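Here is what each chain is made of, one letter per residue.
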Amino acid sequence: MKVLLTGGLGFIGSHTCVELLNDGYDVVVIDNLSNSKMTMIDKIKEITKKDFSFYNIDYRDRNALEEVFEKEKVEAVINFAGFKAVGESVKEPLMYYDNNVCGAICLLETMKKYNVKKFVFSSSATVYGNPDVVPITEEAKIGRATNPYGTTKLVIEYILDDLYKSDNTWDIVVLRYFNPIGAHESGLIGEEPNGIPNNLMPYVTRVAKGVLEKLSVFGNDYNTHDGTGVRDYIHVVDLAKGHIKAIEKLDKENKGFFVYNLGTGKGYSVLDIVNAFKEENNVDVPYVIAPRRPGDIDSCYSDPTKAKNELGFVARRTLKDMVRDSWNYQLKN
Ligand code: NAD
Ligand code: UD1
């Protein structure tokens, strides 16, 4: 099967590209390099010893996209392309709606034109907003995203739902990721945020390396076991394997619209992460307790049962694996 990855040179896309190639899929990647580098191509090829096609195009460029569909005869699409920085989305909402929502519409229209109707979408636990209960099942209410980035994910989910209702020959899997961290065990590919990281793990690795002075732990008065925020961290290689399961489902069972959480089902606090990182890697991570970050919530972790039962997906990698591989990537890059 030939699978097109938009944004396939990014953090999650590159790891998924590796898993698809390793599993024998043909892969076509498009990426406009707005948050990734060309060097990623050689790294993916080095890990997999396999080749794939790459197009440096914007997925909002309909003509360029049509040329790819014309030439490549892809059978399924995984849409990773998009912007993902929450703070930036608050400052530049139009840029986020344009790239994420208009891009997705352009992609879906092109797919429709070429009768390619198998689609996997990168959504986020952010669509649950502040959940009423944890662990969060797919049945939980959505629709309360607290920032424009989160709203782009919600809007695209609604678009996909409407699309499927209008034409049930589409096969769609929406994957709601929890908090992806870690890196490929080779240390060749990993997360490369621009500027000062917003997310916890890239910040921790930079503090451990001495690039940043200390971590600010945002709040220690949350209603959690140690007062710091609890999240469901999932190894990016496990997450990538979740996409293979989604593609397998679309290949086997035609006609369907499915939504799955991709998480581990376990919640770890900020201090759990810091302590595991220090212990496993034998390196210090200086930190201070700082005020809460606006918009943050106490606890967010998944109920992963539906993905297990329907996709056969279980995240196998442990917290130790995640902190070790994150550090390995930082050391090698
Ligand atoms: P990333 O920024 O590393 O990867 C996105 C890739 O898309 C980049 O290579 C970028 O250059 C490319 N891109 C962006 N706009 C494009 C455009 N208009 N045309 C072509 N390429 C474009 O992000 P990631 O962490 O790999 O996330 C992938 C997807 O998963 C995103 O949609 C993101 O919103 C979603 N997601 C990520 C997380 C996370 O924590 N990383 C959590 C939930 C959901
Ligand atoms: C963030 C985004 C979310 C996105 C997700 C994955 C926000 C409000 N939410 O989620 O939309 O889907 O990333 O990309 O940005 N922390 C610190 N110090 C730091 C950084 C983080 O203490 O320097 C804490 C946070 O308060 C939180 C935890 O670490 O408790 C995880 O934070 P982060 O990695 O930013 O992810 P989320 O906030 O869960």
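The preceding data block contains the structure.
Let me sum up the structure you'll find in this document. All values reported here derive from a predicted model rather than from experimental measurement.

**Things to note about unusual backbone geometry**
With the exception of glycine, most residues fall at negative phi, and the peptide bonds are largely trans. The omega torsion of the bond from V134 to P135 falls at -5 degrees, within 30 degrees of zero and hence cis. Inspection of the secondary structure puts P135 in the loop between β5 (118-124) and α6 (148-166). Phi at N115 takes a positive value of approximately 55 degrees, unusual for a residue other than glycine. Checked against the element boundaries, N115 lands in the loop between α5 (93-113) and β5. Since its relative accessible area comes to 58%, N115 is described here as exposed.

**Overview of the sheet that holds strand β14 (residues 299-300)**
What the three strands build is an open sheet, ordered β12-β9-β14; its pairing is mixed. In this open sheet, the two strands that pair with only one neighbour each are β12 (268-269) and β14. With two bridges joining them, strand β9 (residues 230-231) and β14 adopt parallel strand pairing. Looking across to β14, one finds that V230 is bridged to S299.

**Details of the site of ligand 2**
Among the 18 residues in the neighbourhood of ligand 2, the closest are listed as L200, S216, R231, R293 and D296. Contacts to ligand 2 include T126, whose side-chain N or O atom sits 3.5 Å from an oxygen atom. Between ligand 2 and the protein, one listed contact pairs an oxygen atom with a side-chain N or O atom of N199 at 3.0 Å. Contact with the protein chains covers 88% of the free accessible surface of ligand 2, which is 740 Å². Counting residues per element, the shell around ligand 2 draws most heavily on strand β8 (residues 215-218), which supplies four residues. Here the shell around ligand 2 is composed, by residue class, of eight nonpolar, seven polar and three charged.

Analysis parameters
- Residues numbered from 1 in each chain as written.
- Chains lettered and ligands numbered in written order.
- Predicted model: local features only at pLDDT ≥ 70, side-chain atom pairs only at ≥ 80, totals over all residues.
- Heavy atoms only, no water.
- Helix = DSSP H or I, 4+ residues; strand = E, 2+ residues; numbered from the N terminus.
- Buried < 20%, exposed > 50% of the residue type's maximum accessible area, 1.4 Å probe, protein only.
- Pairing = 2+ DSSP bridges.
- Near = heavy atom within 4 Å.
- Polar contact = N/O pair within 3.5 Å; in protein donor to acceptor, adjacent residues only side chain to side chain.
- Areas by Shrake-Rupley, 256 points an atom, 1.4 Å probe, with all protein chains shown as cover.
- Nonpolar A, V, L, I, M, F, W, Y, C, P; charged D, E, K, R; others polar.

Any functional reading would require information that these geometric values do not contain.
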